[in-house]
Amino acid sequence: MSPMYIARTREVAARLLGGEMMIMSARDSTLFNLNETATAIWQAADGVTPLTEIVERSVCANFEVDPVAALRDAEELVEGLAKHGILKVSNQPIAEEK
Amino acid sequence: MMGSAIAQDVLIEIGAMPVLVRTASPEFLQILQERYGGFVNSAAQPVFEFEVEIVPPSSIPTAIGDDEDLSVCFEAGHWVLERGDFHAELDPALRHGRIWQSANPYAIDAAFRIVHSLLLAKQGGLLVHAASVVRNGRAFLFAGVSGAGKTTISRLAPPDATLLTDEISYLRRESDGYFAYGTPFAGELAQPGENVRAPLAALYLLAQGAENRIDPVAEADALRAVMRCVLFFAQDCELVGNVFDSACHLVQYVPVRQLTFVPDSRVWELIV
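So, here's what we can say about the structure. (Residues numbered from 1 in each chain as written. Chains lettered and ligands numbered in written order. Predicted model: local features only at pLDDT ≥ 70, side-chain atom pairs only at ≥ 80, totals over all residues. Heavy atoms only, no water.)

Thoughts on the interface of chain A and chain B
The line we're drawing: Note on contacts: a residue pair qualifies if any of its non-hydrogen atoms lie within 4.5 Å across the two residues. Once two parts are put together, the accessible area they lose, assessed with a 1.4 Å probe and summed over both, is termed the buried area. By convention in these notes, a salt bridge is any Lys or Arg side-chain nitrogen within 4 Å of a carboxyl oxygen on Asp or Glu. The definition of a polar contact used here is a pair of N or O atoms within 3.5 Å, where within protein one atom must be able to donate a hydrogen and the other to accept one, and adjacent residues in sequence count solely through side-chain atom pairs. The way it works is that DSSP assigns letters per residue, a run of H or I at least four long becomes a helix, a run of E at least two long becomes a strand, and they are numbered from the N terminus. Here the nonpolar group is Ala, Val, Leu, Ile, Met, Phe, Trp, Tyr, Cys and Pro; Asp, Glu, Lys and Arg are the charged ones; every other residue, Gly included, is treated as polar.
Opposite the 16 residues of chain A that make contact, chain B presents 14 residues. Broken down residue by residue, the surface that chain A buries against chain B is led by A:Arg15, A:Leu17 and A:Ala26, which jointly contribute 41%. Along the contact surface separating chain A from chain B lie two salt bridges. Close ionic contact of A:Arg15 with B:Asp245 constitutes a salt bridge, the shortest N to O distance being 2.4 Å. Counting across the chain A and chain B interface gives two residue pairs in polar contact (both at pLDDT 80 or more). Listed by contribution, the elements that provide at least two residues to the side of chain A that touches chain B are β2 (12-17), β3 (20-25) and β4 (31-34) of chain A. Of the residues forming the side of chain A that touches chain B, the biggest block, five residues, is contributed by β3(A). In terms of residue class, the side of chain A that touches chain B is built from eight nonpolar, three polar and five charged.

Structure, rendered in structure tokens:
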């Protein structure tokens, strides 16, 4: 299975508020909030670290979670955020947007 | 021989932002002076200028039908605003815009709201669906979508309160905090606000219930509620980011509470 790379898009504004990551899509002005594990994944989405590694380093190392379930949940999360244009997903490293 | 109409102008200052409106229509000029009378300030320096061309409804160059919502888009350096009753093109770089509309106050009112929301977004300010009132020198905002009670709470305000608006509140972030300004944007009360400003003391999220009470609101919930009430039209990443930043700052800087109220004047005993 090819690795999955994720990167934050520039079409959003994101702020940590009261412990919650609040993200607003500039495309459709939709407001999202992420829980702690989702925030950890979002913050680590640099386009060059594979999702499996992000889950290991940012989720499994910091939260008491089953690694297999954590990866499955992360893939679902990433898919959902990508649908809303909040994350970019690729099986190749993603170059930083200019 | 018919002489060409001479354009005249009126300077309308809302939220310390003077906008000059120039028109060759005496009828429209009269409409502007009647509707925005309390906000005319001929001595101000305009930050934006509008040329308004009064045309018959059938001649308005719009692709939008009468029953469609307002459309705002950014094309080739211009904002293009369209609704069934007007078409406007704004050049933010030149701070100049042209509007084609019939001689009614509603189109220019919509254009004003959009222009002010765009100008404010760059300055940390917001237009909010909220009533606002000054009491004891401090401003209070009452935010909510249609039907939440903005007009009701305004109508119940005691005689010592000054109404800034029952519909669209104008917030500016200044060096010493947030200030609420009066606006001519009226809701069901059909009464323009007073042209005054006051430091913002609190923002209340309106809910109608069986008793009068004030409850705390978590910051994230406050942000969600405020964003639902912010007037913003553009789908421009930078401007959306500006608005989002402003809303985040606002809810961290100003107390945001839920105000549950029964529709009688005793609710104002809580607002001091």
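Notes on the layout of surface pockets
All names here are of chain B. Applicable threshold: As defined here, a cavity is a set of points on a 1 Å grid over the protein atoms alone where a 1.4 Å probe fits but cannot get out. A pocket is an open set with protein on both sides within 12 Å along at least five of seven lines, and residues line them when an atom is within 4 Å of a point. Grid points are joined across faces, edges and corners, and a volume is the space filled by probe spheres set on the points.
The calculated volume of the largest pocket comes to roughly 290 Å³. Taken together, 14 residues line the largest pocket, and the ones lying closest to its centre are Trp 79, Pro 92, Leu 118, Lys 122 and Leu 239. Of all the secondary-structure elements, those providing two or more residues to the lining of the largest pocket are α2 (105-121) and α5 (237-253). A per-element tally of the lining of the largest pocket places α2 first, with three residues. Partitioning the lining of the largest pocket into residue classes produces nine nonpolar, one polar and four charged.

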